[in-house]
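# Close look at the chain arrangement
So the chains spell out like this:
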Amino acid sequence: MPKVSDDHLAARRSQILDGARSCFAEYGYEGATVRRLEEATGLSRGAIFHHFRDKDALFLALAQEDAGRMAEVAANQGLIQVMRDMLARPEDFDWLGTRLEIARRLRNDPEFRANWEERSVELTAATVARLERRKAEGALRDDVPTTVLLGYLDLVLDGLIARIASGHANDNLAAVLDVVEASVRRKN
């Protein structure tokens, strides 16, 4: 049997992630059945689960991929820019609507919570590094601990995700992000 190239494996994995992302966006986490994942990816369950142990692993791989992309933006432009990107291109983030369903599992499933938190470390680290750097530059408030600023921005991010996921994203949210950004800046 011929050996499959690394490029082919990477392309297949990308195909699975792209299809799964649209499936999760359309049906939610619970509704993304194996049959629907097969239809969305155009692949058999054997092909899908050759690359991913199970649906949790597939979902967490999506979370890790997207967290990596968001971490890059957060490191260079800040977490508020990540939120602005979500508003500008909600179609790139529509699968995040499953976060509403995931919240229940985070509360009730310790193994899932541990895996989820492991995947979000990169985004958190990038955000903290950016906040610390901006504080050192004198651009951010220094009267509020970095951990509190992070918690505040995470809370806003979760709220934004909930708004976008529920179909209530509107033009006012950009102005709300302006207020959030102004609230963390240092007053001169």
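Structure: above.
For the structure given in this document, a descriptive report is provided here. (Residues numbered from 1 in each chain as written. Predicted model: local features only at pLDDT ≥ 70, side-chain atom pairs only at ≥ 80, totals over all residues. Heavy atoms only, no water.)

### What about the packing of aromatic side chains?
Counted under the stated rule, the structure contains 4 aromatic pairs. Judged by centre distance (5.1 Å) and plane angle (90 degrees), the rings of Phe24 and Phe59 are edge-to-face. With Phe24 in helix α1 (residues 6–31) and Phe59 in helix α4 (residues 55–77), the pair connects residues that are 35 residues apart, well separated along the chain. On the basis of relative accessible area, Phe24 is assigned to the buried category, the value being 1%. (Phe/Tyr/Trp six-rings, centres within 6.5 Å; stacked < 30°, edge-to-face > 60°. Helix = DSSP H or I, 4+ residues; strand = E, 2+ residues; numbered from the N terminus. Buried < 20%, exposed > 50% of the residue type's maximum accessible area, 1.4 Å probe, protein only.)

### What to know about the pattern of salt bridges
Inspection of every chain in the model, using the stated rule, returns 10 salt bridges. Two residues, Glu65 and Arg21, come together in a salt bridge whose shortest N-O distance is 2.6 Å. With Glu65 in helix α4 and Arg21 in helix α1, this pair connects stretches of sequence that are 44 residues apart. Residue Arg21 is classed as buried on the basis of its relative accessible area of 12%. Among the salt bridges present, the one from Arg186 reaches Asp142, with a minimum N-O distance of 3.9 Å. Taken together, the residues span a long stretch of sequence, with Arg186 in the segment after α9 (172–184) and Asp142 in the loop between α7 (110–136) and α8 (146–165) at a distance of 44 residues. Taking the relative accessible area as the measure of exposure, Asp142 reaches 55% and is therefore exposed. When salt bridges that share partners are traced, they join Arg84, Asp178, Glu181 and Arg185 into one network. (Salt bridge = Lys/Arg side-chain N within 4 Å of Asp/Glu carboxyl O.)

Keep in mind these values describe shape, not function.
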